[in-house]
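As a plain string of letters, each chain reads:
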Amino acid sequence: MFRFGSPEYLYLLLLLPVLAAAYVWYVYNRRKRLEKFGKEFTVRQLMPLYSPRKDLWKFIFFLTGIALIIFGLARPQFGSRLKEINRKGLEIMLAVDVSNSMLAQDFEPNRLERTKFAIDRLLEQLAEDRLGVVVFAGDAYVQLPITSDYLTARAFVRQLSTNMVSRQGTAMGAAIDLAANSFSTGSEGSRVIIIISDGENHEDDPVRSARNAAEKGITIYTIGVGTPEGAPIFMNGDFIRDENGNMVVTKLDESTLEQVAFATGGSYVRATNRSVGLSEIIDHVNELEKQELRTMVFEDYDERFQYLIGAALILLLIEFLIINRRNRIFSGMNIFRNTDRS
C-alpha cells in the first residue's frame, strides 16, 4: 500500500512549469541580446568555448532534482503490514443511474453531474461505514466493490458517465439484485442500498427486486433526481429527438422510487437544485443499528523520502559541476581524424 505522508507538499510541483517557462524566456532573451552583436553564426565563432547544450543539461538536472526534493518532502510511504480491525458501521451500496436521461438539464449542470457532486460531499461525512458503487442503465455493473478507502471511492465517483454502460435503458431491478449480492460476508444486518435515479424504469420489475432484498435484511433508500415536468436530454451538442423529430422529454417517476423504498422499510427523498437529498438519507441511515465490521488496514508505514532526497542531491551536485563551456583539452581531440598522410 502506497501513500504520501504529507501530500500537501505536492502542490509545489506547480513550480516546475513556472521554472521551465522562466528558462525558455531566459534562452529566448539571451538569443535576442546576442543578435544585437551580429549574426548567430558569427557570434558563436567569437565564443568557441560556450556550449548551449551544457546549459540545457544543467537545467534538466536542476529541474529533476527539485522535483525529487518535492516528492521527498511529501514523504512517500509503503505499508508493510496488514492488520485486522473492528469498526461499528454500515455497508452502503450506491446504485447510480447513468442512463442518458440523467443528462437532462432540469438540474444544474445536469442530473448526473449534480449527483456526482452530492456523492463527493457525502464521502466527506462518512467515517466508519464502508461504501460500494453500482452503475446501471440498460444493464448494471459494479463500479466499485465495498471499501473503506474513501479517497479511492471519490476518484471512482468522479469518473461516472453515461458511457459506462453501452446498452441504454433503466434496469433498476438488475441494479438492486446486483447491489444486494455485492455486500461482504459478515455484514448481515447492516446493509443499505441507496438508489439515485430519475425513476424511469423500462427494463424489469424493481419492486419485486426490492422485496427480495428486504428478505435478506437490506434496507433501500431512494432519491429522485429530476422534476415531474421533465426536461429534454442534451447530448453530443444537440437534444435527443424521437423518430418524428420531436425532442424527448424525460420526467421524474416518483411512484416507482417510492414503491421500491417502502417495500424494504426505507424512505424516498426528492432531490432539489439546492440539495440532492443524500444528507437527509444518511440521517435516516445513521439511525439504523450498526454492526461490527472487520476491516483490513495497512499499518507500520515505511518512509522512503530519503532515497528521493539522496538522488536529488546527486543530481544537483552534477548540475553544479557541469560548466557551460567546452573543455579545452577534449575539444581539441578528434579520434576520427585521418592520421595517414601518405
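This text gives an overview of the structure that appears in the document. (Residues numbered from 1 in each chain as written. Predicted model: local features only at pLDDT ≥ 70, side-chain atom pairs only at ≥ 80, totals over all residues. Heavy atoms only, no water.)

## A word on the packing of aromatic side chains
For step 1, the next point in the chain: Per the stated rule, a full pass over the model turns up 5 aromatic pairs.
For step 2, the next point in the chain: Summarising the aromatic geometry, the rings of tyrosine 23 and tyrosine 26 are spaced 6.4 Å apart at their centres and angled 40° between planes, so their arrangement reads as tilted. One end of the pair, tyrosine 23, and the other, tyrosine 26, are both in helix α1 (residues 15-35), 3 residues apart, so they sit about a helical turn from each other.
For step 3, the next point in the chain: Considering the side-chain rings of phenylalanine 234 and phenylalanine 239, the 5.1 Å spacing of their centres and the 70° angle between planes classify their relative orientation as edge-to-face.
For step 4, the next point in the chain: For phenylalanine 234, a relative accessible area of 33% corresponds to the partly exposed category.
For step 5, the next point in the chain: Look at phenylalanine 239 and you get partly exposed, because its relative accessible area is 28%.
For step 6, the next point in the chain: Members of the aromatic cluster, connected to one another through ring pairs, are Tyr23, Tyr26 and Phe59. (Phe/Tyr/Trp six-rings, centres within 6.5 Å; stacked < 30°, edge-to-face > 60°. Helix = DSSP H or I, 4+ residues; strand = E, 2+ residues; numbered from the N terminus. Buried < 20%, exposed > 50% of the residue type's maximum accessible area, 1.4 Å probe, protein only.)

## Quick look at the pairing of strand β6 (residues 191-197)
For step 1, the next point in the chain: Counting buried residues in β6 gives 7 out of 7 residues, a clear majority hidden from the surface.
For step 2, the next point in the chain: Residues Arg191, Ile193, Ile195 and Ser197 line one face of β6 and the alternating positions Val192, Ile194 and Ile196 line the opposite face, and both faces are buried.
For step 3, the next point in the chain: As paired strands, strand β3 (residues 91-97) and β6 are joined by 6 bridges and run parallel to one another. Considered in β6, the bridge of valine 96 is made with isoleucine 196. (Pairing = 2+ DSSP bridges.)

## Describing the pairing of strand β7 (residues 219-224)
For step 1, the next point in the chain: β7 sits mainly inside the fold: 6 of its 6 residues count as buried.
For step 2, the next point in the chain: The alternating pattern of β7 places Thr219, Tyr221 and Ile223 on one face and Ile220, Thr222 and Gly224 on the opposite face, and all of these are buried.
For step 3, the next point in the chain: Summarising the sheet, β6 and β7 pair through 6 bridges and their orientation is parallel. Its bridge partner lying in β7, valine 192 is registered against threonine 219.

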